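Here are the chains, one letter per residue:
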Protein chains: 4
Amino acid sequence: MKQLSVIEQIRVQFHDTDALGIVWHGNYLKYFEIVREAFGRKFNFGYHTAKENGFATPIVKSILEHKLPLHYGELIKIKATYKNNQSAKIRFNYEIYNENDELVCEGETIQVFTNLETKEMSLINPQFYEDWKLKFEI
Amino acid sequence: MKQLSVIEQIRVQFHDTDALGIVWHGNYLKYFEIVREAFGRKFNFGYHTAKENGFATPIVKSILEHKLPLHYGELIKIKATYKNNQSAKIRFNYEIYNENDELVCEGETIQVFTNLETKEMSLINPQFYEDWKLKFEI
Amino acid sequence: MKQLSVIEQIRVQFHDTDALGIVWHGNYLKYFEIVREAFGRKFNFGYHTAKENGFATPIVKSILEHKLPLHYGELIKIKATYKNNQSAKIRFNYEIYNENDELVCEGETIQVFTNLETKEMSLINPQFYEDWKLKFEI
Amino acid sequence: MKQLSVIEQIRVQFHDTDALGIVWHGNYLKYFEIVREAFGRKFNFGYHTAKENGFATPIVKSILEHKLPLHYGELIKIKATYKNNQSAKIRFNYEIYNENDELVCEGETIQVFTNLETKEMSLINPQFYEDWKLKFEI
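Since the model is a prediction, treat every value here as computed from it, not as a measurement. (Residues numbered from 1 in each chain as written. Chains lettered and ligands numbered in written order. Predicted model: local features only at pLDDT ≥ 70, side-chain atom pairs only at ≥ 80, totals over all residues. Heavy atoms only, no water.)

J.: Please explain the relation of the copies chain A and chain B as it appears in this structure.
T.: One chain copy maps onto the other through a rotation about an axis and a shift parallel to that axis. For these two chains of identical sequence, chain A goes onto chain B by a turn of 180 degrees and a shift of 0.0 Å along the axis, with RMSD 0.0 Å. Both chain copies can therefore be described as sitting about a two-fold axis. In terms of C-alpha distance to the rotation axis, chain A has Asp18 of chain A as its closest residue, with the C-alpha 2.0 Å off the axis. A high fraction, 100%, of the interface residues of chain A reappear at the interface in chain B, so the copies pair face to face through one surface. (Least-squares fit on C-alpha atoms with pLDDT ≥ 70 in both. Contact = heavy atoms within 4.5 Å.)

J.: Please clarify how the interface of chain A and chain C should be interpreted in this entry.
T.: Much of the literature gives interface size as the accessible area that the parts lose upon coming together. At the interface, 19 residues of chain A touch 19 residues of chain C. Carbon and sulfur atoms make up 65% of the surface buried where chain A meets chain C, a total of about 1900 Å² over both sides. Among the residues of chain A in contact with chain C, Leu20, Trp24 and His25 of chain A are the three that bury the most area, contributing 27% of the side total. For the pair chain A and chain C, the interface holds zero salt bridges. Between the two partners, chain A and chain C, sit six residue pairs in polar contact (both at pLDDT 80 or more). (Buried area = accessible area lost by both parts, 1.4 Å probe. Salt bridge = Lys/Arg side-chain N within 4 Å of Asp/Glu carboxyl O. Polar contact = N/O pair within 3.5 Å; in protein donor to acceptor, adjacent residues only side chain to side chain.)

J.: Got a minute to help me understand the sheet that holds strand β4 (residues 75–83) of chain C in this structure?
T.: One key point about sheets: their strands pair by backbone hydrogen bonds, in either a parallel or an antiparallel sense. An order of β1(A)-β4(A)-β5(A)-β6(A)-β3(A)-β3(C)-β6(C)-β5(C)-β4(C)-β1(C) is seen for the ten strands of this open sheet, with the pairing classed as antiparallel. Of all strands in the sheet, those bounded by a partner on one side alone are β1 (5–11) of chain A together with β1 (5–11) of chain C. Along the sheet, successive strands turn relative to each other by an average axial angle of 15 degrees, direction set aside. When β1 of chain A meets strand β4 (residues 75–83) of chain A, the two strands line up antiparallel, connected through seven bridges. Residue pairing in the sheet places Ile10 of chain A in a bridge with Ile76 of chain A of β4 of chain A. (Pairing = 2+ DSSP bridges. Helix = DSSP H or I, 4+ residues; strand = E, 2+ residues; numbered from the N terminus. Axes fitted to C-alpha atoms, helices over the stretch in contact; angles between N-to-C directions.)

J.: Help me out: how do you make sense of the relation of the copies chain A and chain C in this one?
T.: For the match of chain A to chain C, the screw axis carries a shift of 0.0 Å, the RMSD comes to 0.0 Å, and the turn is 180 degrees. The residues that chain A uses at the interface reappear at the interface of chain C in 100% of cases, marking a shared surface.

J.: Whenever I open this one, the interface of chain A and chain B confuses me. Can you help?
T.: Contacts between the two partners involve eight residues from chain A and, on the opposite side, eight residues from chain B. Of the roughly 740 Å² buried where chain A meets chain B, counting both sides, 76% is carbon and sulfur surface. Of all residues in chain A, the largest losses of buried area upon contact with chain B belong to Phe14, Ala19 and Trp24 of chain A, amounting jointly to 57% of the total for that side. Across the chain A-chain B interface, the total number found is zero salt bridges. For the pair chain A and chain B, the interface holds four residue pairs in polar contact (both at pLDDT 80 or more). Of the residues in the side of chain A that touches chain B, the class split is four nonpolar, three polar and one charged. (Nonpolar A, V, L, I, M, F, W, Y, C, P; charged D, E, K, R; others polar.)

J.: I keep staring at helix α1 (residues 28–42) of chain B and nothing clicks. Help me out?
T.: The α-helix winds at 3.6 residues per turn, so residues separated by three or four positions along the chain end up facing the same way. Residues and elements named next belong to chain B. With 15 residues, α1 should reach 21 Å at 1.5 Å per residue; the first-to-last C-alpha distance of 21 Å fits that figure. Most of α1 sits inside the fold, with 13 of its 15 residues counted as buried. Positioned one or two residues after α1, Asn44 has a phi angle of 55 degrees, which is positive. (Expected span 1.5 Å × (residues − 1). Buried < 20%, exposed > 50% of the residue type's maximum accessible area, 1.4 Å probe, protein only.)

J.: What's the story with the side chain of His15 of chain D in this structure? I'm lost.
T.: Inspection of the secondary structure assignment puts His15 of chain D in the loop between β1 (5–11) and α1 (28–42). On the accessibility criterion, His15 of chain D (13% relative accessible area) is buried. Sequence-distant contacts of His15 of chain D, defined by excluding residues within four places in its chain, comprise Lys30, Glu33 and Ile34 of chain A, Trp24 of chain C together with Asn27 of chain D.

J.: Explain the environment of Ser122 of chain A to me, please; I cannot follow it from the model alone.
T.: Residues and elements named next belong to chain A. Examined against the element boundaries, Ser122 turns out to sit in the loop between β7 (114–115) and α3 (127–135). In the structure, Ser122 is positioned 106 residues away from Asp16 in sequence and 35 Å away in space, judged by C-alpha atoms. Ignoring sequence-local partners within four residues, the contact set of Ser122 consists of Phe55, Ala88 and Phe113.

J.: Whenever I open this one, the pairing of strand β5 (residues 89–97) of chain A confuses me. Can you help?
T.: One face of the sheet, then the other: side chains in a regular strand alternate in exactly this way. All names here are of chain A. When β4 meets β5, the two strands line up antiparallel, connected through seven bridges. In the strand pairing of β5, Lys77 is matched with Tyr97. Taken together, β4 and the strand that follows it, β5, pair antiparallel across an intervening segment of five residues. The pairing of β5 with strand β6 (residues 103–112) spans nine bridges and is classified as antiparallel. Bridge pairing in β6 links Asn93 to Glu108. Here β5 folds back onto β6, and the loop between the two strands holds five residues, one of which, Asp101, carries a positive phi near 60 degrees.

J.: When you look at helix α3 (residues 127–135) of chain D in this model, what are you seeing that I'm missing?
T.: Residues and elements named next belong to chain D. If you check which residues of α3 are buried, you get Phe128, Tyr129, Trp132 and Lys133. Within α3, the buried residues cover an arc of 140 degrees as seen down the axis, which keeps them to one side. Across α3 from its buried face, at more than 90 degrees, point the exposed residues Gln127, Leu134 and Lys135. (Arc of directions from axis to C-beta.)

Written out as C-alpha cells, the structure is:
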C-alpha cells in the first residue's frame, strides 16, 4: 500500500504570534489546513473535488500536540500524511518541523462526508472516494 | 435628523495579541464588525436583513487610525455611528475606548449593495434601505 | 472534591465563519480560550497569575470534537471545567451548546508550566498552583 | 530616486474565507503584512532590524479599498511599494492582483517608530532609518 504525503514550506507570519512571543496554539490548525489543501491539489482530492461530487468534508475531530514553540520569521515544514481507514472518514496525520528539523508539533484531523443538499453525514464511502482510493492503490 | 449609534463592551482576548504584546492592528476590524453587527440587531439592519432582501453588503473600504495600544484583558468600549449619505452606500464611523475612556482607535467602513444573484453592485438604494431610512427618520 | 467550572455566553461573529457558511473549525479554540480566561478571572487563576509567579502556561495539547455546525449570529454557551490531575499540568474540558441546548462541540486542553526565565518546563507543581488547589479544596 | 517594491505570490486559504464565500475583508491586512515583511527581508528593513536598533514600528494607520472579491484557492500577487516621506514614518502602498491580473485591492499602511524602552514615539528619523535610506538612495 502506498503512503501518500505532502510537505509544504511556509514562513511564520507576525500575525500568527501572540503576547508570549510565539505562534498562538490555535493557528497550527491553519498550518494543518494549508498542507491538507496542498495534498488535495497534488492528489486531486480536496474541497473542490468533494463539492463537485455533492459533498462537504467538515472536520469532526482535531488533535494537536505541541513539542516546541515557533517564533515569527521561522521557515517551517508542514507534512500531511493520508491514513487509510475502513469507515467513511478521511484521516490525516500532521508533523511540523522547524529550521533545525526538530519536531515542533504533531496532530491529526478526521473529516466526514456530508451531503451538500440534505446536510446528512454519509455512513458509507461516496463513490468518488472509492474511485480515488483505487486510483492511488490505497 | 437622528444620529444612530451603538456601543458594545468587550474584553480583549489573548488570541487578539501579537508578539509586541499588544492587539494586532488587523484585529480591530473584528471589533468594528462586532459593533456593526450589534447595530444591525438593534436597528434591524444587518447581514440577515440584507440577505432576506436579496442583497449582500460587502465592505469596499476600511480606514483604521490607532492612537494607543490595547493589551490582553482590557475591557473596551466599541462605538459604531451610522453616517448618512446620498449614494447607495452604508457608512459607519467607529471609536474604541479603553478602561480609562481614552480614545484608542478611530475608523470608518463603507459598504455597498450587491445583488445576491447577479453579483452586481446596486447604483441606487434598494427599497428596503430607503424604507429603513424613512423609519428612522434619517 | 469541588468541581470548578465557568460558563460564558457569546454570539458567533461573522468573521468566525468560512465559505461553507459555518464556523471554521479552528475558531473553536478561540471559544475555548475565551472561557478558559473567564475561568482564570473568576477563580484567580490565569495568564496574569502565572506570569506574576514567574511562569507561562503554554498549551501542549488540544482536542476538539464537533457534533453540530455553528452559524453566524447564534448565541452560544461555552463551558470550561477544571479537571484535577497529579502531574504538573492544567487540564480543562470544554463543552459548547447552541441556542437549543444541543451539544455542538466537546474538547480538552492541557497546559504545562514553563519558567519565564529559563524557558524550561516545570516537572513539579509550582507553589502558587499548590496553594491555589488547597484554597479551592481540590 | 529608486522605487523599492516587492511582489509575493500566495494562495488564498480556506480559513481566509467567510460565509459569503469570499475572503473576509479584514484578512487583507494579513496579506499586506506578508508582503511588507517580505520587503523587510529583501531590503534588510523589517521587524527584526527595528528591534535590534531599539525600536518597534507599530502600524498607526491602514486603508483598504476593495475592487473585486477573492475566493478560496486563487493564486494571488501582493505588491508592496515603499513611499518616501519627510516625517518619521514608514509608508507602504499595496496592490493585490488575482490570476487574471485584475486589481482586487489597494491599500496603504503608515508605521511610526516607538522606543522599545520608553514606549515613546520618535519625532525624528532614527539613525538606522536614515542610514537605510542613504544606502538605497532614497
